[in-house]
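# Examining the three-dimensional arrangement
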Amino acid sequence: MTTNPNTRGNALVVGAGVVGIATALWLQRHGWTVTLLDRQPPGTATSFGNACTFATYSVEPVATPGIWRQAPALLFKPDSPLKVRPAYLGKIAPWLWQFLRASSERRVHGISRDLDTLLKPCMSSWSTLLDDAQANHLIRHDGSLYIFEAHERPVAEEMVAYHLPFDVPIRLVENHELHAMEPALNARAALGVELPKVSRTLDPYALSLRLFQRFLEMGGHFLRGELRDIQRHAVDSEQVVAHLASGQTLTAARVALCTGAWSKQLAGSLGDHLPQDTERGYHVLFEQAGQLLNRPVCWGAGGFYMTPMAQGLRVGGTVEFAGTQALPDPRRYRYLASGARRFLNLQHEPSSQWMGFRSSMPDSKPVVGRSHLLPQVFYNFGHGHVGLTLGAITGQLVAQMASGVPTAVEVEAFSARRFL
Ligand SMILES: Cc1cc2nc3c(=O)[nH]c(=O)nc-3n(C[C@H](O)[C@H](O)[C@H](O)COP(=O)(O)OP(=O)(O)OC[C@H]3O[C@@H](n4cnc5c(N)ncnc54)[C@H](O)[C@@H]3O)c2cc1C
């Protein structure tokens, strides 16, 4: 990597998903010469296929009080949004144990407060990058809706009650108004909860590509390759050396690991043994149904969103614990397609299907902060269900830490140290 004397020095960002690209852009804005490394083309891993929403309301962690009572039924009943592959149960058990421990009322409120500190400034962080990259044509600001069947009214009311103290714009929408807002929904959708300030992208992949293009325009370099490990520089204590699978080495003054679901081993090789695993998620696309809904509509009980987007109606979500190696389970695609048909008249079969790997921590908070052995190395992974939402703000925080300037948000709550 060549050093530009006008910059702070060389930074390496590993992982060119939405989190890594946003981190690279923020590092450039702080004066670093940045190389972005990925073993696959930018934006083609988990960031490709998400449900497109900037979920600024998402203060509630996945593990909520009482989940330990619901978990067995959720995990093992055949028609469930949550699945574990029997062969993976032993591997995921320690993660699940920490997940259950994070579900006490006290912990959940603390986690919500922490997440709120990231969620409040996340869209202004995005605005900076979107304006600069001229990417606003890929964004819509039409809110989102959760829908509920008649017997789920208490769940809808609890959802509103939980979010109001965090000043999340949210309101209950009664039946007639719900159907006026979304005429394509059938009578099963009995009431809704509207989140009027939620934005979405029309195409997460196009968004990653536009941001990546801006990164190149700003003088960034992209390198295709796989990081194996990072070590101290033998003579220069200011630098670290990244070793690639190809045998190539890269020297940098800062490294940001934005390696999503594949971060556990890399952090472990730096002595940070973190409980990171993957919640695999799926989507199916109904190409002809892009005009059916006016905004993303989520059926919380079913664990999926139905999002109108550039390519059609994307039905995406659910959680499967099966690691990063197992092939997709085709029953998950059928689950999503029939789940969408529960509320919408969808004539055609899905035209495409996809599975991706959320990088998930048991407490639903991302890991943002320094490696304890190599202070030049920064973590930025574990965004779980909200990596699109939080990618810009956590990238900004990493760039601020890497540059030694005050951070926009207090970062201690997101440090890897909480698990060590
Ligand atoms: C079905 C589904 C729906 C979702 N919906 C939403 C939503 O509506 N809103 C939201 O905010 N979030 C959503 N998410 C989550 C969001 O998509 C992710 O949090 C986000 O994409 C994570 O981005 P990332 O850059 O960390 O990971 P990725 O996009 O997975 O990128 C990580 C990159 O790191 C690279 N990499 C890993 N290891 C190495 C290595 N050793 N060497 C080189 N490269 C490496 C990989 O190749 C990959 O390209 C959803 C996720 C799923 C699965």
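Sequence order as written defines residue numbering, which begins from 1 separately in each chain. pLDDT decides what is reported in this predicted model: residues at 70 or higher carry local features, side-chain atom pairs at 80 or more are listed and counted, and totals for whole chains, interfaces and linings draw on all residues regardless. Hydrogens and waters are ignored; side-chain quantities use all the structure's heavy atoms.

Per an unreviewed UniProt entry, the protein chain is named Cytochrome c4, and its organism is Pseudomonas turukhanskensis.

## Overview of the layout of surface pockets
As a reminder of what qualifies: The rule is simple: put a 1 Å grid over the protein atoms alone, call a set of points where a 1.4 Å probe fits but cannot get out a cavity, call an open set with protein on both sides within 12 Å along at least five of seven lines a pocket, and count a residue as lining if it has an atom within 4 Å of a point. Grid points are joined across faces, edges and corners, and a volume is the space filled by probe spheres set on the points. Put simply, DSSP H or I for four residues or longer makes a helix, DSSP E for two residues or longer makes a strand, and each gets a number counted from the N terminus. The classification used treats Ala, Val, Leu, Ile, Met, Phe, Trp, Tyr, Cys and Pro as nonpolar, Asp, Glu, Lys and Arg as charged, and all other residues, Gly among them, as polar.
Roughly 250 Å³ of volume is contained in the second largest pocket. Around the second largest pocket sit 13 residues that line it, and Pro 78, Lys 83, Asp 329, Arg 331 and Arg 332 are the ones nearest its centre. If you list the elements that add at least two residues to the lining of the second largest pocket, you get α2 (67-76), β4 (82-84) and α10 (330-341). Per-class residue counts for the lining of the second largest pocket are 6 nonpolar, no polar and 7 charged.

## Quick look at unusual backbone geometry
Convention followed: Relative accessibility under 20% of the residue-type maximum defines a buried residue, over 50% an exposed one, and the middle range a partly exposed one, all with a 1.4 Å probe and only protein chains included.
Not every positive phi belongs to a glycine, and Thr 318 is a case in point at roughly 65°. Looking at where Thr 318 falls in the secondary structure, it is placed in strand β18 (residues 312-321). Although it is not a glycine, Ser 364 adopts a positive phi angle of roughly 60°. On the secondary structure map, Ser 364 appears in the loop between β19 (352-360) and β20 (367-370). With relative accessibility at 16%, the residue Ser 364 sits in the buried group.

## Some words on the state of the cysteines
For clarity, the threshold we go by: Sulfur atoms of two cysteines make up a disulfide when they are within 2.5 Å.
Following the criterion strictly, the structure yields 0 disulfides and no others. In this structure Cys 52 is a free cysteine whose sulfur lies 13 Å from that of Cys 298, the closest cysteine sulfur available. When its relative accessible area of 1% is taken as the criterion, Cys 52 is described as buried. Cys 122 provides the cysteine sulfur closest to Cys 258, a residue in no disulfide bond, and the two sulfurs are 17 Å apart.

## Comments concerning the UniProt feature "domain: FAD dependent oxidoreductase" (unreviewed entry) in the protein chain
Let me state the cut-off plainly: UniProt positions are given in the numbering used here, feature names are shortened, and annotations may be inferred rather than shown by experiment.
If you check UniProt for "domain: FAD dependent oxidoreductase" (unreviewed entry), the listed places come out as residues 12-401 in our numbering. End C-alpha to end C-alpha, residues 12-401 measures 14 Å, and it is 32% helix and 26% strand.

## Looking at the site of the ligand
Definition in use: Throughout, near means a residue has at least one heavy atom within 4 Å of the molecule or strand. Between N or O atoms, a polar contact is any pair within 3.5 Å; within protein, one atom must be a potential hydrogen donor and the other a potential acceptor, and residues adjacent in sequence are included only when both atoms are from side chains. Areas reported as accessible are Shrake-Rupley estimates using a 1.4 Å probe. Residue values count occlusion only from the protein chains shown.
Close contacts around the ligand come from 34 residues, with Asp 38, Thr 46, Ser 47, Thr 53 and Thr 389 the closest. Take Val 18: an N or O atom from its main chain is 3.3 Å from an oxygen atom of the ligand. One of the backbone nitrogen or oxygen atoms of Leu 388 is found 3.1 Å away from an oxygen atom of the ligand. Contact with the protein chains hides 97% of the accessible area of the ligand, taken as 1,000 Å² for the molecule alone.

## Examining the sheet that holds strand β12 (residues 240-244)
To keep things clear, this is the line we draw: By definition, two strands form a pair when at least two bridges between them are found by DSSP. Helix axes use the C-alpha atoms of the stretch in contact, all axes being lines fitted to C-alpha atoms, and the angles between their N-to-C directions lie in the range 0 to 180 degrees.
If you walk across this open sheet you meet the 3 strands as β11-β12-β13, and the pairing is antiparallel. With one partner strand each, in any of the chains shown, β11 (227-232) and β13 (249-252) form the two edges of the open sheet. Between one strand axis and the next, the sheet turns by 25° as a mean value, whatever way the strands run. Strand direction decides the pairing type here: β12 and β13, joined by 4 bridges, are antiparallel. Residue pairing in the sheet places Val 241 in a bridge with Thr 251 of β13.

## Section: the pairing of β13
Burial along β13 is one-sided: Leu 250 and Ala 252 are buried, and none of Thr 249 and Thr 251, which face the opposite way, are. The antiparallel pairing of β12 with β13 creates a hairpin that spans 4 residues between the two strands, and Gly 247 there sits at a positive phi of about 100°.

## Quick word on the environment of His 385
Let me state the cut-off plainly: Residue contacts are defined here by distance: any two heavy atoms, one from each residue, within 4.5 Å place the two residues in contact.
Looking at the element boundaries, His 385 is found in the loop between β21 (377-381) and α11 (387-403). If near-sequence neighbours (up to four positions away) are discounted, His 385 is found in contact with Val 62, Glu 279, Val 319 and Arg 358. Reaching out from His 385, the side chain makes a polar contact with the side chain of Glu 279 at a distance of 2.9 Å.

## Concerning the packing of α2 against helix α3 (residues 89-101)
To keep things clear, this is the line we draw: Put simply, angles under 35 degrees are roughly parallel, angles over 145 are roughly antiparallel, angles from 65 to 115 are roughly perpendicular, and the rest are oblique. Here a crossing is called left-handed whenever its near helix is offset anticlockwise from the far helix by less than a right angle, and right-handed whenever the offset is clockwise.
Two elements in contact, α2 and α3, have axes separated by 12 Å at closest approach and are oriented at 155°. Comparing the axis directions of α2 and α3 gives the class roughly antiparallel. The handedness of the crossing between α2 and α3 comes out as right-handed. Residue-level inspection shows Ile 67, Trp 68, Leu 75 and Phe 76 of α2 in contact with α3, the latter providing Leu 89, Leu 96, Phe 99 and Leu 100.

## A word on helix α4 (residues 105-119)
Quick reminder of the rule: A helix is expected to span 1.5 Å multiplied by its residue count minus one.
Along its 15 residues, α4 runs 20 Å from first to last C-alpha, staying within 8% of the 21 Å computed at 1.5 Å per residue. Each element contacted by the buried residues of α4 is listed here: α5 (122-132), α6 (153-163) and α11.

## Here we look at the packing of aromatic side chains
Rules: Pairing of aromatic side chains here covers Phe, Tyr and the six-membered ring of Trp, requires ring centres within 6.5 Å, and sorts the geometry by plane angle: under 30 degrees stacked, over 60 edge-to-face, intermediate tilted.
Under the counting rule described, the total for this entry stands at 15 aromatic pairs. Taking the centre distance of 5.2 Å and the plane angle of 75° together, the rings of Tyr 282 and Tyr 333 count as edge-to-face. Note that Tyr 282 is positioned in strand β15 (residues 277-286) and Tyr 333 in helix α10, a separation of 51 residues in sequence. Through a chain of ring-to-ring contacts, the aromatic side chains of Trp 299, Phe 304, Tyr 335 and Phe 343 assemble into a single cluster.

## Observations concerning the sheet that holds strand β2 (residues 32-38)
Reading across from one edge, β10-β2-β1-β14-β21-β20 is the order of the 6 strands in this open sheet, with mixed pairing throughout. In this open sheet, the two edge strands, each paired with only one partner strand, are β10 (221-224) and β20. In this sheet, neighbouring strand axes are inclined to one another by 15° on average, regardless of whether the strands run parallel or antiparallel. When strand β14 (residues 254-257) meets β21, the two strands line up parallel, connected through 3 bridges. Pairing of Ala 256 across the sheet is with Phe 378, part of β21. Contacting β2, β14, β20 and β21, α11 runs over the sheet at an angle of about 170° to β21.

## Observations concerning the pattern of salt bridges
Keep this limit in mind: Every case where a carboxyl oxygen of Asp or Glu lies within 4 Å of a side-chain nitrogen of Lys or Arg is listed as a salt bridge.
One pass over the full model with this rule turns up 20 salt bridges. A salt bridge links Lys 365 to Asp 114; the nearest nitrogen and oxygen atoms lie 2.8 Å apart. Here the residue Lys 365 occupies a position in the loop between β19 and β20, and Asp 114 occupies one in helix α4, the gap between them amounting to 251 residues. Arg 418 serves as the salt-bridge partner of Asp 363, at 2.6 Å between the closest nitrogen and oxygen. One end of the pair, Asp 363, is in the loop between β19 and β20; the other, Arg 418, is in the segment after α11, and 55 residues separate them in sequence. Accessibility expressed as a relative area gives 26% for Arg 418, which makes it partly exposed. Salt bridges sharing common partners tie together Arg 29, Asp 132, Arg 210, Arg 214 and Glu 217.

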